[in-house]
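Coordinate analysis (summary)
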Amino acid sequence: MKIVIIDYGAGNIQSIKFAIERLGYEAILSSDPAEIKTADKVIFPGVGEASSAMKMLKSTGLDKLIPTLEQPVLGICLGMQLMCTYCEEGDTDGLGIFHANVVKFDNKLKVPQIGWNKIYDLKSPLFSGISEGEFVYLVHSFYVKECSETISSTEYGVEYTSAIQKDNFYGVQFHPEKSSEAGEKILGNFLKLEVRN
Amino acid sequence: MLTKRIIPCLDIKDGRTVKGVNFIDLRDAGDPVELAEIYAKSGADELVFLDISATEEKRKTLADLVRRVAEKVNIPFTVGGGISSIEDVDILLKNGADKVSINSSAFKKPNLINELAAKFGSQCITVAIDAKQVNGEWLVHLVGGKVPTDVNLFQWAKEVEERGAGEILFTSMNNDGTKEGFANKALAVLSSDLNIPIIASGGAGTMQHFTDAFIKGKADAALAASVFHFKEIEIKDLKEELRRNGVEVRL
């Protein structure tokens, strides 16, 4: 199986590569459209600020490529947020795959939210074998609002989308590569998804 | 609900763990990677590696260590000690660190916080502050607490937040090493004044001390070294006790 982690200069992707290796697979880092298109699974990571990450995607043409992918794609953290319609951070449009907006947590809360929180209302093969209320590790200041594509929710002052899916596109706000055994299980579930023909 | 975090801290010198480690089931008590794996399995929420070496090879050794930890450990970890530039941070994050902790370098050149937050995002920039209460006033100290300044802890903490730090690691030098509990009053002031998470450090001796740091001190996370290294407190027992006391934790 060919697993490609999209490398567009945004954030810590080494940890995702290592987590995939711990599961017994190999992953390559690439920004080459040909490599990405021919992958069986694509991981779209992201850490940092939304508008500058979008600029990096646009400068490489990846903003056009990603929405056309037909194999399973997993956006992680900022990667998931960039797959939405609009990001309040840096006032930027996203890739428009998920029909949701990304907004900032209330000022009354400590921001960023850093630490372990629960995921619930789990609705996807991504969570096969994962219990309701499982803990995952999150670090973020902006969140995806709940919508019809939400497949797991988390509460931090507000109930928000901690995972989302539309067709072959998946997004998780948490870091599966840093969420202990539960995170490895979720990442493993993604890698085991059947490829569409 | 977001849970409170328990964070063991490992002191690193030339890529090895130093002082205060007594894990009898370890093949090699000095190997930080092995120790980190054990902590990750025993329920630690995060790890902090504090590099105290001062050799020229330091940056390379540390980057190497970070890479080896990232390969094996499935929980987040922070690296601190002598980090003073964008290049330092870049190499640590690229090798798999989730966060970096800066201390004296941030105090000497506060704009470093802004630069790092802009380049890497606030979420991976922790500012560590060592402070000591002198004649009733909490004053910031530098170089591992050896050099006093005349700057007030709470003022500096506010500035650190405004400049874009993602969290603050506050060590009370009055409490550090005493095993008599965390500096809960100062912690509570920090936690109420600031809108970023506060990690409590210095003074852990009993499980009750952790409960107090979370309830009285309103801390978001608590860091300790020797009570964990010498197995005086098992993380699992600590978390069960915290939950009994009404503190939300990951179990």
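This text goes with the structure placed above it.
First things first, this report covers the structure right here in the doc. A quick note: this is a predicted structure, and the numbers were derived from the prediction, not measured.

**Here we look at the pairing of strand S10 (residues 198–201) of chain B**
All names here are of chain B. Covered by surrounding structure in S10 are Ile198 and Ala200 together with Ile199 and Ser201, the residues of both alternating faces. Across four bridges, the pairing between strand S9 (residues 167–172) and S10 is parallel. Within the sheet, the bridge partner assigned to Phe170 lies in S10 and is Ala200. A crossover links S9 with its parallel partner S10, the connecting element being helix H7 (residues 184–193), and its sense is right-handed. Between the parallel elements S10 and strand S11 (residues 221–224), the chain passes through helix H8 (residues 207–215) in a crossover that is right-handed.

**Regarding the packing of aromatic side chains**
Counted under the stated rule, the structure contains twelve aromatic pairs over all chains. For the pair Tyr170(A) and Phe190(A), a centre-to-centre distance of 6.0 Å together with 75 degrees between the ring planes defines the contact as edge-to-face. Separated by 20 residues along the polypeptide, Tyr170(A) in strand S13 (residues 169–172) and Phe190(A) in helix H6 (residues 180–192) bring together distant segments of the chain. Relative accessible area serves as the criterion here: at 7%, Tyr170(A) is assigned to the buried category. With 5.5 Å between their ring centres and 70 degrees between their planes, Phe182(B) and Phe210(B) make a pair best called edge-to-face. Of the two residues, Phe182(B) sits in the loop between S9 and H7 while Phe210(B) sits in helix H8, which places them 28 residues apart along the sequence. As far as burial versus exposure is concerned, Phe182(B) and Phe210(B) are alike and both buried.

Reading guide: rules and limits
- Residues numbered from 1 in each chain as written.
- Chains lettered and ligands numbered in written order.
- Predicted model: local features only at pLDDT ≥ 70, side-chain atom pairs only at ≥ 80, totals over all residues.
- Heavy atoms only, no water.
- Buried < 20%, exposed > 50% of the residue type's maximum accessible area, 1.4 Å probe, protein only.
- Helix = DSSP H or I, 4+ residues; strand = E, 2+ residues; numbered from the N terminus.
- Pairing = 2+ DSSP bridges.
- Right-handed = clockwise from strand over helix to strand, strands pointing away.
- Phe/Tyr/Trp six-rings, centres within 6.5 Å; stacked < 30°, edge-to-face > 60°.

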